[in-house]
Structure formats: C-alpha cells, structure tokens
Amino acid sequence: MAELHVELVAADRQVWSGEASLVVARTSSGDIGVMPGHQPLLGVLQSGPVTIRTTGESGDGTVVAAVHGGFISFADDKLSLLAEIAELSDEIDVQRAERALERAKSDADAAAERRADVRLRSVTGVH
C-alpha cells in the first residue's frame, strides 16, 4: 500500500510523526484530504481537528489532533503540518476543555470558544 510520511509539529514540539494513508485537515480553502501521490500543495491551516489514518510499524489506526493555525505542505509523499498550537486527542483533558468552553462563552471570547470547541471535537470525533 502506498504511504505518505507525516510530520505534525507545533511551535514548541514535534507532536506526531509516522506513515499514513490519508490525512484530513481544515485549510483556509476548506477541508482537504491528502493521500499518497497527491499534487504538491501549500496551504494555511485553520483551527480544526486533523485526522491521520496511520499505517506502517504502528499498524493501521487513527490519530486525531486539535490544530490551531499554521501551514500544511505536501510534496514527494511527505506531508508537513506546521501548527501554531497542536495537541493529540488523547492529551486533551475533556473536563478542562468543557470548562474552558463555558468560560469563553460567558466571556464572549470567540477565539477562546473556537479553541475549546476544536479540542472537544478532536476528542469526541464530532467534526
């Protein structure tokens, strides 16, 4: 099976690296799916869940991350997701994210509300 190499990097750390058959991310042009052999691309990431269908040594599975801004680049079956902020769904404390969402709503802070919403959607799988 054809694979692409994926690097998900946040400003402060490497979040995830490995082989995948498909990556779905939200860009300024809308949601995009990237598979091996995709045309080269460069885009601006919007806040949203990124879904990675893994292959290779780690086996077939799914990795989901909450990503807030950054860039996506693909060429020669290498995909780079360079995010301002990114965290894997299993790193997210659901209760803390729910509290942050409620606090953002009461403060009428649209940016904080969007970040908390993305974190919760990454954990629950509701995109």
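Counting restarts for each chain: residues are numbered from 1 in the order of the written sequence. Two thresholds apply to this predicted model, a pLDDT of at least 70 for residue-level local features and 80 or more for giving and counting side-chain atom pairs, whereas whole-chain, interface and lining totals are computed over all residues. Where side-chain values are given, they derive from all heavy atoms of the structure, hydrogens and water being excluded.

Brief notes about the pattern of salt bridges
A pair is scored as a salt bridge if a Lys or Arg side-chain nitrogen falls within 4 Å of a carboxyl oxygen belonging to Asp or Glu. Inspection of every chain in the model, using the stated rule, returns 4 salt bridges. Linking R119 and E87 is a salt bridge whose minimum nitrogen-to-oxygen distance equals 2.6 Å. Highlighted residues: R119 in helix α2 (residues 110-124) and E87 in strand β7 (residues 78-88), separated in sequence by 32 residues. Accessibility classification places R119 together with E87 in one group, the buried group. Across the pair R121 and D117 runs a salt bridge, and its minimum N-O distance is 3.0 Å. One end of the pair is R121 and the other is D117, both in helix α2 and 4 residues apart, which spans about a single turn. Residue class for R121 comes out buried when judged on its relative accessible area of 12%. The way it works is that DSSP assigns letters per residue, a run of H or I at least four long becomes a helix, a run of E at least two long becomes a strand, and they are numbered from the N terminus. Here's how the labels work: a residue is buried when its accessible area is under 20% of the maximum for its type, exposed when over 50%, partly exposed in between, all with a 1.4 Å probe on protein chains only.

A closer look at helix α1 (residues 94-106)
Expected span of a helix: the number of residues minus one, times 1.5 Å. Compared with the 18 Å implied by 1.5 Å per residue over 13 residues, the 18 Å span of α1 between its first and last C-alpha is a close match. By the convention used here, residues are in contact when the closest approach between their heavy atoms is within 4.5 Å. Residues of α1 that are buried in the fold lie against α2. Within 3.5 Å is the distance limit for a polar contact, defined as a pair of N or O atoms, with the added protein rule that one can donate a hydrogen and the other accept it, and that residues adjacent in sequence qualify only through two side-chain atoms. A distance of 3.1 Å separates the backbone nitrogen of Q95 from a side-chain oxygen at the start of α1, and that oxygen is part of D93. The positive-phi residue at the C-terminal boundary of α1 is A108, with phi of around 55°.

A short note on the domain arrangement of the chain
Here the chain is partitioned into domain 1 (4-89) and domain 2 (93-124). Between domain 1 and domain 2, the residue contacts involve 11 residues of the former and 7 residues of the latter. Interface of domain 1 and domain 2: buried area, both sides summed, is about 720 Å²; carbon and sulfur atoms make up 59% of it. Between the two partners, domain 1 and domain 2, sit 1 salt bridge. Remark: the boundary between domain 1 and domain 2 carries 3 residue pairs in polar contact (both at pLDDT 80 or more). For the side of domain 1 that touches domain 2, the secondary-structure elements that each account for two or more residues are β5 (48-55) and β6 (61-75). Take the side of domain 1 that touches domain 2: its biggest share by element is 5 residues, from β6. In this document the domain limits rely on a domain assignment from an automatic tool or a database. Each of two parts loses accessible area, computed with a 1.4 Å probe, when they are put together; buried area is these two losses added.

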